[in-house]
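# Survey of secondary and tertiary structure
Take a look at the letters that make up each chain.
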Amino acid sequence: MYSVDGQKFEAGEIGFQPLLARAYRNRVRPMCLCSVEPVPVYITCLGGTFVLKRMPCTGGLHAVDCLHYEPPEGMSGSADIGAAISEDRHTGLTELNVDFSLSCTPSRPTSDRIASAVSSIHTTRPRLSLRGLLQFLWNEAELTTWKPAFAGKRTWAVVRHHLLRAAENKVLNGQLLATVMFVPESFSVSDKAQIAARRADRLANRLMRPGQGQGKMIVIGEIKEILPARCAFNIVLKHLPDLPFSIEANVHRRMIQNFNDEVSLWRSPVDVHLVLAATFTLASGGHPMIDTMCLLTTSAKWIPADDAFELRLVDSLVHQCRSFRKFQRLNLKVPSLSPSAVLLDVKPAPIGLALLRDGDDSVDATTAAESDSPPDWIWRIGERDLPAFPQ
């Protein structure tokens, strides 16, 4: 429910769009009525549709069940990458400053072609790595949030739809992210020929541009298998069985080194998805060749989980029908006791859930009490089993 120029309207209600159009022209500031104290929001126009968006630094003022709610930056560990993501309130476009290229340049050393787990590089302006971009999109697509009503409804088709929607108003190196991002559509044997034709047209339009040289794209998909090939390896994506992505043998070796935790979790008997994000070109033979890549593990419900402990935390919350949001580390300057997730179905405020691993022995209860945002629930791994969650 919103208040716009003194009138109360529910989002989607008949007459809401014309009201927003007038408010947009008159520069009227709408108010979100989710809390006792109304919270200001702003209007932007995307594709002819007027949309209400959260004002910067106000996410924590909204009710936890509000569309605009965002946990405080100190809780999620995302404060240091704010300058890498800049939003224009007038156009509704979000510019992303990244540390990788989408132009074809001479080959770089192999070590540069594996995106590390570091998600931002601090230069004059922070930048998102390829992994940081993937995590940011996952968050924008609201795939880090889970509610019991989502059970049985979060398929790859749903994940793809939300990722594409999240990319619609993002700008990357002066290009709309949606135009350079390729997310395979759900495979169907009966529609195999049509899917292949749409895919070929999409890749040809972007990667084979007459007179402009060859371009790059970003592929996001779930890995089905990694197979040895002649002098290289092939990564086969689910829903894309007839178009393997090639990587050089030394790039494969670096991938195993840099993403050993993700690959090990994927190869274990637990139910996880291994998501690939990679920049790629078309080789002379017409097959895609990966340039820079990163990996992300998620639960069976597509909720990010960095290791087996976070996976157990997420799966337990889903099993107990809890509403929660999983945090992702967009930088490495995160205190050891920063929450891994936050419960959204508790009153009067959300409750942070933190994991204390064996490597964090220097952190104790005193440190937790003195931190800016001490978690309300801590699982001390190695000392005890998963504690009961707050009711």
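These numbers were taken from a predicted model, which means no experiment stands behind them.

Along the backbone of the protein there are 10 helices and 24 strands. Within the span of the protein, comprising 391 residues, buried residues form 48% of the whole. A fraction of 59% describes how many contacts in the protein between residues 6 or more apart in sequence connect residues 24 or more apart. Of the roughly 18900 Å² of accessible surface on the protein, 52% is carried by carbon and sulfur atoms.

The next subject is helix H3 (residues 130–140). Counting buried residues along H3, 9 of its 11 residues qualify, which places the element largely inside the surrounding structure. Taken as a whole, H3 has its buried residues at Leu-130, Arg-131, Gly-132, Leu-133, Leu-134, Gln-135, Phe-136, Leu-137 and Trp-138. The positive-phi residue at the C-terminal boundary of H3 is Glu-142, with phi of around 60°.

Now for the sheet that holds strand E3 (residues 31–32). If you walk across this open sheet you meet the 5 strands as E2-E1-E3-E4-E5, and the pairing is antiparallel. The open sheet has two edge strands, strand E2 (7–9) and strand E5 (49–54), and neither has a second partner. Note that strand E1 (residues 2–4) and E3 share 2 bridges and pair antiparallel. Residue Tyr-2 lies in a different strand from E3, and its bridge partner there is Cys-32. Helix-sheet contacts for helix H1 (residues 16–26) involve E1, E2, strand E4 (39–46) and E5, and the interaxial angle to E5 is about 70°.

Turning next to the pairing of E5. In the sheet, E4 pairs with E5 via 6 bridges, with the strands oriented antiparallel. Looking across to E5, one finds that Leu-46 is bridged to Thr-49. Between E4 and E5, which follow one another and run antiparallel, lie 2 residues, and Gly-47 among them has a positive phi close to 60°.

Moving on, we come to helix H4 (residues 156–167). Side chains three or four residues apart in an α-helix point the same way, a direct result of the helix having 3.6 residues per turn. Over its 12 residues, H4 extends 16 Å from the first C-alpha to the last, a length consistent with the 16 Å expected when each residue adds 1.5 Å. In the core, the buried residues of H4 are packed alongside H3, strand E11 (170–172), helix H5 (177–180), strand E13 (181–182) and strand E16 (217–229).

This next bit is on the packing of helix H7 (residues 249–258) against helix H8 (residues 260–267). Contact geometry of H7 with H8 gives a least axis separation of 5 Å together with a crossing angle of 85°. When the axes of H7 and H8 are compared, the pair comes out roughly perpendicular. Contacts between H7 and H8 pair Met-255, Ile-256, Gln-257 and Asn-258 from the former with Asn-260, Val-263 and Arg-267 from the latter.

Within the element layout of this structure, Leu-128 appears in strand E9 (residues 127–128). Take Leu-128: its relative accessible area is 0%, and that puts it in the buried class.

A word on unusual backbone geometry. You will see that Arg-27, though not glycine, has its phi angle at about 55°, which is positive. Considering the arrangement of structural elements, one finds Arg-27 in the loop between H1 and E3. One non-glycine residue, Asn-173, lies in the positive phi region at around 50°. Tracing the sequence through the fold places Asn-173 in the loop between E11 and strand E12 (175–176). Judged by relative accessible area, which is 42%, Asn-173 ranks as partly exposed.

What follows concerns the pattern of salt bridges. Once the charged atoms of two side chains with opposite charge are near each other, the side chains can pair. Counted by the stated rule, this structure contains 12 salt bridges. For Glu-185, the salt bridge is made with Arg-198, and the minimal N-O distance between the two is 2.9 Å. Here Glu-185, found in the loop between E13 and helix H6 (192–207), pairs with Arg-198, found in helix H6; they are 13 residues apart in sequence, far enough to count as distant. Its relative accessible area of 24% is what places Glu-185 among the partly exposed residues. Connected through shared salt-bridge partners, Arg-131, Glu-262 and Asp-306 make up one network.

Rules and cut-offs
- Residues numbered from 1 in each chain as written.
- Predicted model: local features only at pLDDT ≥ 70, side-chain atom pairs only at ≥ 80, totals over all residues.
- Heavy atoms only, no water.
- Helix = DSSP H or I, 4+ residues; strand = E, 2+ residues; numbered from the N terminus.
- Buried < 20%, exposed > 50% of the residue type's maximum accessible area, 1.4 Å probe, protein only.
- Contact = heavy atoms within 4.5 Å.
- Areas by Shrake-Rupley, 256 points an atom, 1.4 Å probe, with all protein chains shown as cover.
- Pairing = 2+ DSSP bridges.
- Axes fitted to C-alpha atoms, helices over the stretch in contact; angles between N-to-C directions.
- Expected span 1.5 Å × (residues − 1).
- Parallel < 35°, antiparallel > 145°, perpendicular 65-115°, else oblique.
- Salt bridge = Lys/Arg side-chain N within 4 Å of Asp/Glu carboxyl O.

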